[in-house]
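# Chains, contacts and geometry: an overview
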Amino acid sequence: MQRRDFFRSAAGAGLLAAGLNIDRLQGAAEHKFRFAHLTDLHLKPEDGAEQGVLKAVAAVNALDPAPDFVITGGDLVFDVLEVDFERADMLFKLYRKCIGQLDCPVYHGIGNHDILGWYPESDVAESHPEYGKKMFANRLGDGSTWRSFDHKGWHFVLLDSIEYDEDSEDYLGMICEEQMAWLEDDLAGVDSNTPIAVMTHIAFVSIVEQLRSGANVALNKKIGVTNSLEVLELFEGKRLQLVLQGHLHRDEQLRLEGRKFVMSGAISGEWWKGPHLDTQEGFGVFDVDGADVHYRYHDYGWEV
Ligand SMILES: [Zn+2]
């Protein structure tokens with residue numbers, strides 16, 4: 001490990017320098033925190049969506065103890081794939097206005113509906129300065145659609161799981177090559193004992209399709225990340241403990257050995273038409289204690 005990387009990870013984790021092991025810090029106040037995962041908001045002025053998002057925001061602000069931060073899981077607005085720039089601009093401004101009511105910091109994740117102009121119904125030119133993912137990157141991502149940060153001994157990674165598929169002329173789930181290289185470099189600076197949480201809009205792992213279509217049916221390329229295995233292999237020798245997922249609007253928890261895969265339902269339920277199957281409109285609340293993490297799904301009480 002390079003000296004610079006050692007100090008970066010030690011500073012981020014705040015542990016190595018002190019010679020401490022996070023597993024022995026359970027119960028220590030400085031290593032206890034809460035965060036919330038709000039995904040699939042599908043915000044728009046119609047169908048009560050704005051009032052719904054504001055109700056969810058108020059519910060996050062009312063949590064006791066309060067969350068240290070919020071991660072949004074993509075599909076923040078509905079929708080900028082196939083609309084003109086004026087509508088897209090209005091939707092992003094509406095998102096900023098509503099999410100700006102949160103009392104804590106927010107890290108924004110990108111979903112398929114947050115990409116400007118990819119569908120032919122949109123008249124936005126590819127030369128437009130905010131075409132494609134640039135709108136999200138400029139306005140919500142500090143210039144990028146992926147990022148990482150450290151918090152109280154944990155390393156958080158927000159990924160961009162959406163790529164354009166020339167064959168279907170539609171999006172598909174994929175972590176692009178440039179991002180894979182970035183991720184490899186990012187993880188090189190993370191100690192093997194540091195717990196890691198990853199946010200991906202499109203799932204790496206889910207049993208939703210198996211419960212719908214049978215045990216031998218996999219996730220198709222629009223609902224599962226096509227190179228999930230290569231992505232997960234980058235975490236070999238690292239302590240990946242939590243994967244936050246979205247896109248399918250279900251409250252799903254999977255755990256295999258030390259890894260938890262959690263889909264935190266949807267703020268919008270069934271796209272603001274009520275609950276989606278048995279999943280109410282809601283968000284994920286995560287309580288972290290040392291290296292331990294506990295999830296519960298919070299129904300914020302929206303009724304259509
Ligand atoms: Zn989606």
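Cut-offs applied
Residues numbered from 1 in each chain as written. Predicted model: local features only at pLDDT ≥ 70, side-chain atom pairs only at ≥ 80, totals over all residues. Heavy atoms only, no water. Helix = DSSP H or I, 4+ residues; strand = E, 2+ residues; numbered from the N terminus. Rg over C-alpha atoms; globule rule 2.2 N^0.38 Å. Buried < 20%, exposed > 50% of the residue type's maximum accessible area, 1.4 Å probe, protein only. Contact = heavy atoms within 4.5 Å. Areas by Shrake-Rupley, 256 points an atom, 1.4 Å probe, with all protein chains shown as cover. Lys, Arg positive; Asp, Glu negative; His and termini not counted. Charge placed at Lys NZ, Arg CZ, Asp CG, Glu CD. Core = buried A, V, L, I, M, F, W, Y, C linked by side-chain atoms within 4.5 Å. Pairing = 2+ DSSP bridges. Axes fitted to C-alpha atoms, helices over the stretch in contact; angles between N-to-C directions. Parallel < 35°, antiparallel > 145°, perpendicular 65-115°, else oblique. Left-handed = near helix turned anticlockwise from the far one by under 90°. Nonpolar A, V, L, I, M, F, W, Y, C, P; charged D, E, K, R; others polar. 1 Å grid on protein atoms, 1.4 Å probe; cavity = no way out; pocket = protein on both sides within 12 Å on 5 of 7 lines; lining within 4 Å. Points joined across faces, edges and corners; volume = space filled by probe spheres on them. Expected span 1.5 Å × (residues − 1).

When helices and strands are tallied, the chain shows 7 helices and 13 strands. Against the compact-globule benchmark of 19 Å for 304 residues, the chain has a radius of gyration of 19 Å, which places it among compact chains. The buried share of the chain, taken over its 304 residues, is 57%. Considering only residue pairs separated by 6 or more positions, the chain has 70% of its internal contacts joining residues 24 or more positions apart. Split by element, the accessible area of the chain, about 13,400 Å² in all, is 49% carbon and sulfur. Between the centroid of the 28 positive side chains of the chain and the centroid of its 51 negative side chains there is a distance of 6 Å.

Counting 64 residues, the largest nonpolar core has Phe204, Ile267 and Phe283 as the members making the most contacts within it. With 7 residues, the single largest contributor to this core is helix 3 (residues 85-99). Among residues more than four places away in sequence, those in contact with isoleucine 267 are Leu38, Thr39, Asp40, Leu41, Val53, Ala56, Trp272, Glu281, Gly282, Phe283 and Tyr300. Ranked by size, the runner-up nonpolar core spans 22 residues in total, among them Phe35, Phe69, Leu244 and Val262.

It is worth spelling out the sheet that holds strand 11 (residues 259-264) at this point. Reading across the sheet, the 6 strands line up as 4-5-8-9-11-10 and stay open at both edges, with mixed pairing between neighbours. This sheet does not close on itself; its edge strands, each paired only once, are strand 4 (147-151) and strand 10 (251-256). Taken over all neighbouring pairs, the strand axes of this sheet differ in orientation by 15° on average, direction set aside. Bridging between strand 9 (residues 239-245) and strand 11 involves 4 bridges; their strand directions are parallel. Pairing of leucine 244 across the sheet is with valine 262, part of strand 11. The sheet contacts of helix 5 (residues 177-188) involve strand 4, strand 5 (154-158) and strand 8 (195-199), and relative to strand 5 the element is tilted by about 175°.

Let's shift gears to the packing of helix 2 (residues 49-61) against helix 3. At a minimum axis separation of 9 Å, helix 2 and helix 3 run at an interaxial angle of 30°. Between helix 2 and helix 3, the angle falls in the class roughly parallel. Note on packing geometry: the crossing formed by helix 2 with helix 3 is right-handed. For the pair helix 2 and helix 3, contact is made by Glu50, Val53, Leu54 and Val57 and by Leu94, Lys97, Cys98 and Ile99, respectively. Of the residues belonging to the contact of helix 2 with helix 3, the class tally is 6 nonpolar, no polar and 2 charged.

The subject of this paragraph is empty space enclosed by the protein. Within the structure shown, the criterion is met by 1 cavity of 30 Å³ or more. As a volume, the largest cavity reaches approximately 30 Å³. Every residue along the wall of the largest cavity is listed here: His108, Phe136, Gly141, Ser144, Thr145, Trp146, Arg147 and Leu158. Tallied by class, residues from the lining of the largest cavity come to 3 nonpolar, 4 polar and 1 charged.

What follows deals with helix 2. With 13 residues, helix 2 extends 18 Å between its outermost C-alpha atoms, agreeing within 8% with the 18 Å of an ideal straight helix rising 1.5 Å per residue. Every buried residue of helix 2 is listed here: Ala49, Glu50, Gly52, Val53, Ala56, Val57, Ala59 and Val60. Tucked inside the fold, the buried residues of helix 2 contact strand 1 (32-38), strand 2 (69-73), helix 3, strand 12 (282-289) and strand 13 (292-299).

The values are spatial; any link to function lies outside them.
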